[in-house]
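# Remarks on the overall topology
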Amino acid sequence: MKHLTLIWLAAGLLSAAACTVPGVSYPPSSPWLPGNEYFVFVDGVHGSPAGDGTKEFPLDDVQDGITTAAAAGKDVCVAKGNYAFTYVLEMVEGVSLYGAYENNNGVWTRDFLKNTTSLANVSFGQPGNVTVNCGSTLTRTTVLEGFTINGSCNDSGLAVAVFISGSPTIASNDIVGWTGSPADVQETRAVYCDSPGFAIPDPHLEGNFIVGGFARTATYSLYFSHADGLIEDNIIHGNTSIASGPQTSCGIYLDHANPRLEGNIINGGNMSTFAKGVSCAEGSAPEIVDNHITGGDSDNWNAAVILSESSPLIDSNFINGGTGSSASSAFCISVGMDSYPEITGNELQCTGGGDRRGIYEATTTGDPAHVVSNVFPVSYTHLRAHETVLDLVC
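In this report, we go over the structure that sits alongside the text.

What counts as what
Residues numbered from 1 in each chain as written. Predicted model: local features only at pLDDT ≥ 70, side-chain atom pairs only at ≥ 80, totals over all residues. Heavy atoms only, no water. Core = buried A, V, L, I, M, F, W, Y, C linked by side-chain atoms within 4.5 Å. Buried < 20%, exposed > 50% of the residue type's maximum accessible area, 1.4 Å probe, protein only. Contact = heavy atoms within 4.5 Å. Helix = DSSP H or I, 4+ residues; strand = E, 2+ residues; numbered from the N terminus. Pairing = 2+ DSSP bridges. Phe/Tyr/Trp six-rings, centres within 6.5 Å; stacked < 30°, edge-to-face > 60°. Lys NZ or Arg CZ within 6 Å of the ring centre and 35° of its normal.

We now examine the nonpolar core. Leu97, Val162, Phe224 and Ile333 are the most contacted members of the largest nonpolar core, which totals 67 residues. With near-sequence residues (within four places) excluded, Leu97 lies in contact with Val62, Ile66, Val76, Val78, Leu89, Met91, Val143, Leu144, Glu145 and Phe147. Core analysis: the next-biggest nonpolar cluster, separate from the first, contains 10 residues, Ala218, Tyr220, Tyr223 and Ala281 among them.

So this is what it looks like as structure tokens:
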């Protein structure tokens, strides 16, 4: 699990890479010691609409900073503070957005751990509402980095923090689907990636801490539909759904999506009915490699990885079916109908649940899962058989 040691930011661990290091020489084009030649500066406290966007005279609005930077061929640096706005913040291709700065009389230094820079769209219930929109023209050279991003709820009751239809790089952010009252929203998707119809998004998400948030029905940390991408070294948590009746929390949900998941810590979350670490729906064939995946701690049903009409590669992961009470079920990998995964080199266990399953195949014919060289603790026993075929039991 070599990649798991790299998640320093989301774990809250101090690292030389987390702040500007005194005595180190940075070029003026580096976001670690930015210069006026390459960057436009925004400071919500010390800036002004009349500013020229320099370190000495920053602007005070993030979207104005992006617009100014796009015209000048620059990137944007944003000082610490709470930026609450009533619009969808639109990223622009070629303009990277960097947060976590302190502006000390025109001297800008960066520290992820001290300089919280929050973005929130506070216009509740508007059509198409999200906080940050990463449109279809964005490529991986356009970076969103160093922010705390809170979701905004649209008129259908869906709360989204970051919507992606392009291929940006999103790194070292704290992203939460919704932090308000659960009564306000039905569903959260902290990061929602979907195809615009004419191209397949291919974003790169690295080093983020992503939480689904609070909702009445379902919470998703990452929801990818008709998309590719690289999702690596993140901490991802489905969080809590609060309401009576059926509820779902999910770390990563994939629908006709084929990203590579590598080096992440993924937890399905806390709720009353269903908790899923990674859910692969119809038409998905992701590579799930070298992650730590836990189903969650539902009092009913938990699954670290659940497959439905999908054929992923699941290799070299540490997989815990769930940590729920003895009244719950915990499945490490649940292989649904018409799913044909490759399951190799994983370590599987269940630390919760009364009904514990290693690899469960929900089919009465054939052997769809290719299972090779996985490790199962010998201390777990099979408590009861289902009507379908059960290959391996913790």
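Now that the structure has been shown, the text picks up again.
Now for the pairing of strand β24 (residues 274-280). Taken across its seven residues, β24 has six buried, putting it largely inside the fold. With six bridges joining them, strand β21 (residues 248-255) and β24 adopt parallel strand pairing. Among the inter-strand pairings, Tyr253 is bridged to a residue of β24, identified as Ser279. The pairing of β24 with strand β27 (residues 301-307) spans six bridges and is parallel. Each bridged residue has a counterpart across the sheet, and for Ser279 the counterpart in β27 is Ile306.

In this description, a pair of aromatic rings is defined by centroid distance and the angle of the planes. Taken as a whole and judged by the stated rule, the model has 15 aromatic pairs. Measuring from centroid to centroid gives 5.6 Å for Trp32 and Phe112, while their planes differ by 70°, and the two rings are edge-to-face. Here the residue Trp32 occupies a position in the segment before β1 (39-42), and Phe112 occupies one in the loop between β6 (107-110) and β7 (117-121), the gap between them amounting to 80 residues. Comparing Trp32 with Phe112, the two get one shared label, buried. Put simply, the rings of Phe39, Phe41, Tyr98, Tyr101 and Trp108 pair up and form one aromatic cluster. Above the face of the Tyr223 ring, Arg189 is positioned so that its terminal group lies 3.6 Å from the ring centre.

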